[in-house]
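Spelled out from the first residue to the last, the chains are:
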Number of protein chains: 2
Amino acid sequence: MAPHAHPTDPSDMPLGPRQRALLAVLRAANAELSGQELHERLRQSSQRHGLATVYRNLRLLQRSGLVRCRKLPNGESVYAPLERDDHHLTCVSCGHSEPLPICPVASGGLALTKVLLQGFKPLFHTFEIHGLCRSCQQSEPLAHG
Amino acid sequence: MAPHAHPTDPSDMPLGPRQRALLAVLRAANAELSGQELHERLRQSSQRHGLATVYRNLRLLQRSGLVRCRKLPNGESVYAPLERDDHHLTCVSCGHSEPLPICPVASGGLALTKVLLQGFKPLFHTFEIHGLCRSCQQSEPLAHG
DNA sequence: CGTATGCTGAGAATGGTTCTCGTTTTAGCA
DNA sequence: TGCTAAAACGAGAACCATTCTCAGCATACG
Ligand SMILES: [Mn+2]
Ligand SMILES: [Mn+2]
Ligand SMILES: [Zn+2]
Ligand SMILES: [Zn+2]
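Residues numbered from 1 in each chain as written. Chains lettered and ligands numbered in written order. Predicted model: local features only at pLDDT ≥ 70, side-chain atom pairs only at ≥ 80, totals over all residues. Heavy atoms only, no water.

S.K.: Just to check I follow, could you spell out the overall build of chain A for this structure?
M.R.: Along chain A, the regular secondary structure elements total five helices and six strands. Reading chain A from its N end, one meets helices and strands in the order α-β-α-α-β-β-β-β-α-β-α. Looking at chain A residue by residue over its 145 residues, the buried ones come to 45%. The long-range fraction of contacts in chain A, counting pairs at least 24 apart against all pairs at least 6 apart in sequence, stands at 45%. (Helix = DSSP H or I, 4+ residues; strand = E, 2+ residues; numbered from the N terminus. Buried < 20%, exposed > 50% of the residue type's maximum accessible area, 1.4 Å probe, protein only. Contact = heavy atoms within 4.5 Å.)

S.K.: Got a minute to help me understand the sheet that holds strand β1 (residues 33-34) of chain A in this structure?
M.R.: Within a sheet, each strand pairs with its neighbour through backbone hydrogen bonds, oriented either parallel or antiparallel. Residue and element names in this part refer to chain A. Taken in spatial order, the three strands of this open sheet run β1-β3-β2, and their pairing is antiparallel. Edge strands, defined here as strands with exactly one partner in the open sheet, are β1 and β2 (67-71). As defined by bridge partners, β1 adjoins strand β3 (residues 77-81) across two bridges and the pair is classed as antiparallel. Bridge pairing in β3 places serine 34 opposite valine 78. (Pairing = 2+ DSSP bridges.)

S.K.: I keep staring at the protein's contact with DNA strand D and nothing clicks. Help me out?
M.R.: Inspection of the region around DNA strand D gives 14 residues, with Tyr55 and Ser77 of chain A together with Arg18, Gly50 and Thr53 of chain B positioned closest. Backbone atoms, meaning sugar plus phosphate, form 73% of the atoms of DNA strand D positioned within 4 Å of the protein. Here arginine 48 of chain B contributes a backbone N or O atom positioned 3.4 Å from a phosphate oxygen of DNA strand D. Note that a base nitrogen of DNA strand D is positioned 2.9 Å from one of the side-chain N or O atoms of arginine 56 of chain B. Listed by contribution, the elements that provide at least two residues to the surface near DNA strand D are α3 (51-63) of chain A together with α3 (51-63) of chain B. Taken together, the residues of the surface near DNA strand D sort by class into four nonpolar, six polar and four charged. (Near = heavy atom within 4 Å. Polar contact = N/O pair within 3.5 Å; in protein donor to acceptor, adjacent residues only side chain to side chain. Nonpolar A, V, L, I, M, F, W, Y, C, P; charged D, E, K, R; others polar.)

S.K.: Would you take a moment to explain the sheet that holds strand β3 (residues 77-81) of chain B for this structure?
M.R.: Residues and elements named next belong to chain B. A sheet is described by the order of its strands in space; here three strands give the open sequence β1-β3-β2, paired in antiparallel fashion. Strand pairing shows two members of the sheet lacking a second neighbour, β1 (33-34) and β2 (67-71), which therefore form its edges. Contacting β1, β2 and β3, helix α1 (residues 17-28) crosses the sheet at an angle of about 90° to β3. (Axes fitted to C-alpha atoms, helices over the stretch in contact; angles between N-to-C directions.)

S.K.: When you look at the state of the cysteines in this model, what are you seeing that I'm missing?
M.R.: Every disulfide links exactly two cysteines, by a covalent bond between their sulfur atoms. Following the criterion strictly, the structure yields zero disulfides over all chains and no others. Cysteine 91 of chain B provides the cysteine sulfur closest to cysteine 69 of chain A, a residue in no disulfide bond, and the two sulfurs are 13 Å apart. Of the residues examined, cysteine 91 of chain B reaches a relative accessible area of 2% and is grouped as buried. (Disulfide = S-S within 2.5 Å.)

S.K.: Got a minute to help me understand helix α2 (residues 35-44) of chain B in this structure?
M.R.: Residues and elements named next belong to chain B. Of all the residues in α2, the buried ones are Gly35, Leu38, His39 and Leu42. Seen along its axis, α2 keeps its buried residues to an arc of 100°; they face one direction. Against α1, β1, α3 and β3 lie the buried residues of α2. Where α2 ends, the next residue or the one after it, serine 46, has phi of about 45°, a positive value. (Arc of directions from axis to C-beta.)

Given below as structure tokens:
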């Protein structure tokens, strides 16, 4: 086994300085950040990034297996470092989303006991696995579609 | 236990004819449908629905616990009847999304064996529970925010 | 230097979804 | 069956996060 244990072996794609900056902000943050929020935080500290660059590198970081993202009901995407493992209860009515301290993948058992739901009434769940499909692992495409 | 076993007891909100039509198309379909696709299918069969009406009733059906939705990486939302329980493997590179025949909630065990992944390389997963938060269960709001 | 290659970012374009608001339908009642 | 208030509808405009365009800039290398 290799000395490092990151997914998609990040060593094979060295990470530019902008990507390191993005990753640093994400890791420093205590919550998921949207593209716009990241852009904002980078305006203040360190050097300015263009919005296009933020999104571009966010996509690359995602492909490298360093960053994950989920889409909020209002349409915006929020990002977090992959090593942070959090899930949420999201209300289909008001869109409010609060932490859910359980992960069906980590815990072999998955106990969705009522205590954890704390009055939240689940209507449906989403369990998606994002990654690289077979063909994209072979070629190294940038095309989206 | 009540004679019917639907979530959020649909009997307390009778469902208008447009909502029944939407639900029928969703149940007849063999895959998730986007708002646009639903609008299209309703143009052909039965009566025409305006696009706004499609989205409006989709939201209501979701609140009633009859329909669920997930957001594709390209931004569009796809809908399915709640009783259909399917998940997907989605590629962060090309966006392609294929069925994943496993559900972490139903199966107590959750065996993400390599056989199921079939060469797909998972980078991260999403497990979200959507439903009604406490405050929204009390009041019956229509506001979105 | 000279050139090839890739990254950057201001601004324009995109496109799914939501909003607006006048019209149409429904519901309740006499 | 008429009559009115409330609710649902829908064409088109507005929204807005994200992506695209493309000229300018950085870096590598002989
Ligand atoms: Mn997890
Ligand atoms: Mn399931
Ligand atoms: Zn709520
Ligand atoms: Zn792919």
